[in-house]
Structure formats: structure tokens, C-alpha cells
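One letter stands for each residue in the lines below.
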Amino acid sequence: MNIEAFFRFTYGMYIISTSHNEQANGYVANSVFQVTSDPPQLAVSCHKDNLSTGLIAKSRKFSVSVLQQNADSALISLFGYRSGREEDKFARTKHIKGKTGIPIVTQDTIAWFDCDLVQQVDLGTHILFIGQVMDCELMDESNKPLTYAWYREVKKAFSPKNSPTYIDPAKRVKEKGNETPDQMYQCLACSYIYDPEVGDPEGGIPPGTAFEDIPDDWVCPVCGATKDMFEVKV
Ligand code: FE
């Protein structure tokens, strides 16, 4: 079995939000798809450990925000790699309240869907939620949607552990271009790989900077982890 085959699926990048009894939460998902058009229904797979999973099951509502291609890394980091048990993700994120009463992230969003939960399927580690679209809107017609492939290629990031498409880095076949493992460092929190040839221009680190020479206050551009959370990529 060649697990690289799994990377040939195409996915988008979305923020799934919900709220129950004043507790709002959301997370980044790539496994969202339209399953029927009449009525319009969407499916999303959500890990049972995620705070949002329990909230969606109780509120029976969820929203889907389609992220734009140049979505801010800090937004993806906040919703993708941090837990709503520790902070209110909506406190510093642009959002609106949908017709169903739950929050919908509008920041770096090109389209959104507001859904009523109609069915759920227990998949073991995950629950597949199927929702009927009650409302939807286009936010930005000029921007392209962010795809998982683009995110993975440009950010060199991988799915977090609770994602249905997560693959253990230890099992991952060594990728082309990573032939200098002593020079690459990997974030233990999100698997982002720091490549000295590329640097982190957005974070102020020019190409050609060795990991050791990065200032101590630099943080992972994907998940915000500090420098001590990195280890040599082997
Ligand atoms: Fe990270």
C-alpha cells in the first residue's frame, strides 16, 4: 500500500463553525462536499475529540466558510491547530450570525453556507455530519478558493492529527526535495517543515537562513508554535 496515493485526492479548505448555549467554536476542515442538490446538502467529517463535534451534535447546526487562496496563516492556525477549550476563537475573527443563529466566519472567506443538521453517521474516530443548506452567500467573486494541495505545497503543512486525512509523518514516504534532512526542521505541533532554502519570507526570514540562525521569537507560520517545538527532520 502506497500512502502517497491518498494525496491524489483533491480537497478545499474550510472553517466549520457552530454554537450551543452561547458556546461557539469552529475548526478547519478539508473534508467537505456537496452530497445532493435537491435539497442542497453538504457532508463534513469531524473527529470525535474535537470540541465542535459535540457542539454540532447538540445544536444540530453548522456553517461552512470557504477560505480564499491567500487566507491568513494566523486564521488557519487559530482554527486549525488550537482548541476552543482554551480560547474563544471568534473573539478576534470577523464573523456574522447566520439565519440558524450560529456564527459564520467571514474573514478571508469567499463563500459560506448555513446548515441544519439532518443526519449523522458514526465512522469510528469521526462523525460524518450531513446538513441541509438553509442559506448561503458569495462574499468575494474575485478570489480563488484555497485548496488543500496548494496549502500543502506552499505552506509545506500537513493535516492536524484530528483531520480525517491525517497521515502519521513517520509513515510518510520521504518527499522529493527533502534530501538534506540535517538542514530541515519540522514543527512537532503541525508537521510544517522549515526549509532553509525557502526560509519564511512572510515571517521575516529570508531564503537561505539556517534554522539555527532564526531569531528565538520566531514562531511556526502555520500553527504559531515556538522555535523549541521544532526538531531536525530525518
Ligand atoms: Fe506548527
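Treat the numbers as computed from the prediction; the structure is a model and nothing was measured.

This part covers the pattern of salt bridges. It is possible for side chains bearing opposite charge to pair when their charged atoms get close. The final tally for this structure, using the stated rule, is 5 salt bridges. Note that Lys-48 is salt-bridged to Asp-122, the shortest N-O span being 2.9 Å. Of this pair, Lys-48 sits in the loop between strand S4 (40-47) and helix H1 (51-59) while Asp-122 sits in strand S8 (residues 109-122), placing them 74 residues apart in sequence. On the basis of relative accessible area, Lys-48 is assigned to the partly exposed category, the value being 36%.

A few words on the coordination of the iron ion. For the iron ion, the full set of protein donor atoms is Cys-187 (SG), Cys-190 (SG), Cys-220 (SG) and Cys-223 (SG), and the range of their distances to it is 2.2 to 2.3 Å. One can describe the site at the iron ion as tetrahedral: its 4 donor atoms subtend angles covering 103 to 114° at the metal. Sequence positions of the donors to the iron ion reduce to the motif C-x2-C-x29-C-x2-C. In this pair, Cys-190 sits in the loop between strand S10 (185-187) and strand S11 (193-194) while Cys-223 sits in the loop between S11 and strand S12 (230-232), placing the two residues 33 residues apart along the sequence. By relative accessible area, Cys-190 is classed as buried at 1%. Among the residues examined, Cys-223 registers a relative accessible area of 7% and is labelled buried.

Our focus in this paragraph is the packing of aromatic side chains. Using the criterion set out here, one finds 10 aromatic pairs in the structure. Ring centres 6.1 Å apart and planes at 75° place the aromatic pair Tyr-11 and Tyr-148 in the edge-to-face group. You can see Tyr-11 sitting in the segment before strand S1 (14-20) and its partner Tyr-148 sitting in helix H3 (residues 148-155), a full 137 residues away along the chain. Of the residues examined, Tyr-148 reaches a relative accessible area of 6% and is grouped as buried. Centre to centre, the rings of Tyr-185 and Phe-211 are 4.0 Å apart; their planes meet at 10°, and the pair counts as stacked.

Moving on, we come to unusual backbone geometry. With an omega dihedral of 0°, the bond running from Asp-38 to Pro-39 counts as a cis peptide bond. The residue Pro-39 is located in the loop between strand S3 (32-37) and S4 in this model. Residue Asn-21 is not a glycine yet carries a positive backbone phi of 50°. Positive phi values are uncommon outside glycine, yet Arg-60 reaches one of about 60°.

In this structure, Ala-24 sits in strand S2 (residues 23-29). Judged by its relative accessible area of 25%, Ala-24 falls in the partly exposed class. With 209 residues separating them along the chain, Ala-24 and Lys-233 place their C-alpha atoms 37 Å apart. Apart from the residues within four sequence positions on either side, Ala-24 is in contact with Thr-18, Ser-19, Phe-90 and Pro-103.

Cut-offs used in this document
- Along each chain, the written sequence defines residue order, and numbers are assigned to residues from 1.
- Per-residue local features of the predicted model are confined to residues with pLDDT of at least 70, and side-chain atom pairs are confined, for both listing and counting, to 80 or more; whole-chain, interface and lining totals are unaffected and use all residues.
- Excluding hydrogens and water, the side-chain values take into account all heavy atoms of the structure.
- Throughout this description, the term salt bridge denotes a Lys or Arg side-chain nitrogen within 4 Å of a carboxyl oxygen of Asp or Glu.
- Put simply, DSSP H or I for four residues or longer makes a helix, DSSP E for two residues or longer makes a strand, and each gets a number counted from the N terminus.
- Note on classification: 1.4 Å probe, protein chains only; a residue is buried when its accessible area is under 20% of the maximum for its type, exposed when over 50%, partly exposed between these limits.
- Counted as donors are the N, O and S atoms within 2.8 Å of the metal, or 3.2 Å for Na, K and Ca, while water is not among the atoms, so some sites may look incomplete.
- Irregular is the default label, applied whenever a site is not tetrahedral (four donors, all angles between 85 and 135 degrees) and neither square planar nor octahedral (four or six donors, opposite donors over 155 degrees apart, all other angles between 65 and 115).
- Centres within 6.5 Å are what make two rings of Phe, Tyr or Trp a pair, Trp counting through its six-membered ring; a difference in plane orientation under 30 degrees is then read as stacked, over 60 as edge-to-face, and the rest as tilted.
- By definition, residues are in contact when any of their heavy atoms lie within 4.5 Å.

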